[in-house]
Amino acid sequence: MRYITGAVALGAALVLGTLATTAQAAAPAQPSRTGGLYAPTELVLTVGQGESRATATVQRAVTLSCMPGARGSHPNPLAACTQLRAVAGDFNAITAATSDRLCTKEWNPLVVTADGVWQGKRVSYSYTFANRCAMNIDSDTVFNF
């Protein structure tokens, strides 16, 4: 009788172990999220000489991360993140800003780009400024590196 009870217990343990392993294998793997409660914000910003993104020669590139804190290789990540948050990540609002300062009308185009993720959404942006003076006036801190 002792052997029958032990065999039943061993059989039940094997069946339960097999079911648990099968259930784990059948469950889809959940992606791990390492950013905590914040939506990811990771950007690569570039400035290049040329008329379009496709033909521009990149002169400088920096990284910018705004969540949970401002960091990256951008010279002033806190100010850049603050400016982006003020316009809800709308790069058009940053490059369309106007100033009372005057620039020459020379055509020496510079292309700025932003690629990455802003608050969990994919971003791919480019804008062509007529010259460096126009870029420095209109882009404020985000593309000032």
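By the naming in an unreviewed UniProt entry, the protein goes by Probable subtilase-type protease inhibitor and is assigned to Streptomyces angustmyceticus. The heading Function (unreviewed entry) in the UniProt record of the protein holds the text "Strong inhibitor of bacterial serine proteases such as subtilisin." The UniProt entry for the protein carries the following comment under Subunit (unreviewed entry): "Homodimer."

Below, the discussion takes up helix 2 (residues 77-86). Among the residues of helix 2, those classed as buried are P77, A80, C81, Q83 and L84. Down the axis of helix 2, the buried side of the element spans an arc of 160°, and every buried residue falls inside it. More than 90 degrees from the buried face of helix 2, the exposed residues found are L78 and A86. Buried residues along helix 2 sit against strand 1 (42-49), strand 2 (57-65), helix 3 (91-95) and strand 3 (110-118). One or two steps after helix 2, the chain reaches A88, where phi turns positive at roughly 55°.

Applying the stated criterion to the full structure yields two salt bridges. Residue R71 is joined to E42 by a salt bridge in which the shortest nitrogen-to-oxygen separation is 3.8 Å. Of this pair, R71 sits in the loop between strand 2 and helix 2 while E42 sits in strand 1; the two residues are 29 residues apart in sequence, bridging distant segments of the chain. Classification of R71 as partly exposed rests on a relative accessible area of 40%. In this structure, D115 engages R53 in a salt bridge whose closest nitrogen and oxygen atoms are separated by 3.2 Å. Placement of the pair is D115 in strand 3 and R53 in the loop between strand 1 and strand 2, with a sequence separation of 62 residues. Given the relative accessible area of 22%, D115 is considered partly exposed.

Cut-off values and rules
- Residues numbered from 1 in each chain as written.
- Predicted model: local features only at pLDDT ≥ 70, side-chain atom pairs only at ≥ 80, totals over all residues.
- Heavy atoms only, no water.
- UniProt positions renumbered as here; feature names shortened; annotations may be inferred.
- Buried < 20%, exposed > 50% of the residue type's maximum accessible area, 1.4 Å probe, protein only.
- Helix = DSSP H or I, 4+ residues; strand = E, 2+ residues; numbered from the N terminus.
- Arc of directions from axis to C-beta.
- Contact = heavy atoms within 4.5 Å.
- Salt bridge = Lys/Arg side-chain N within 4 Å of Asp/Glu carboxyl O.

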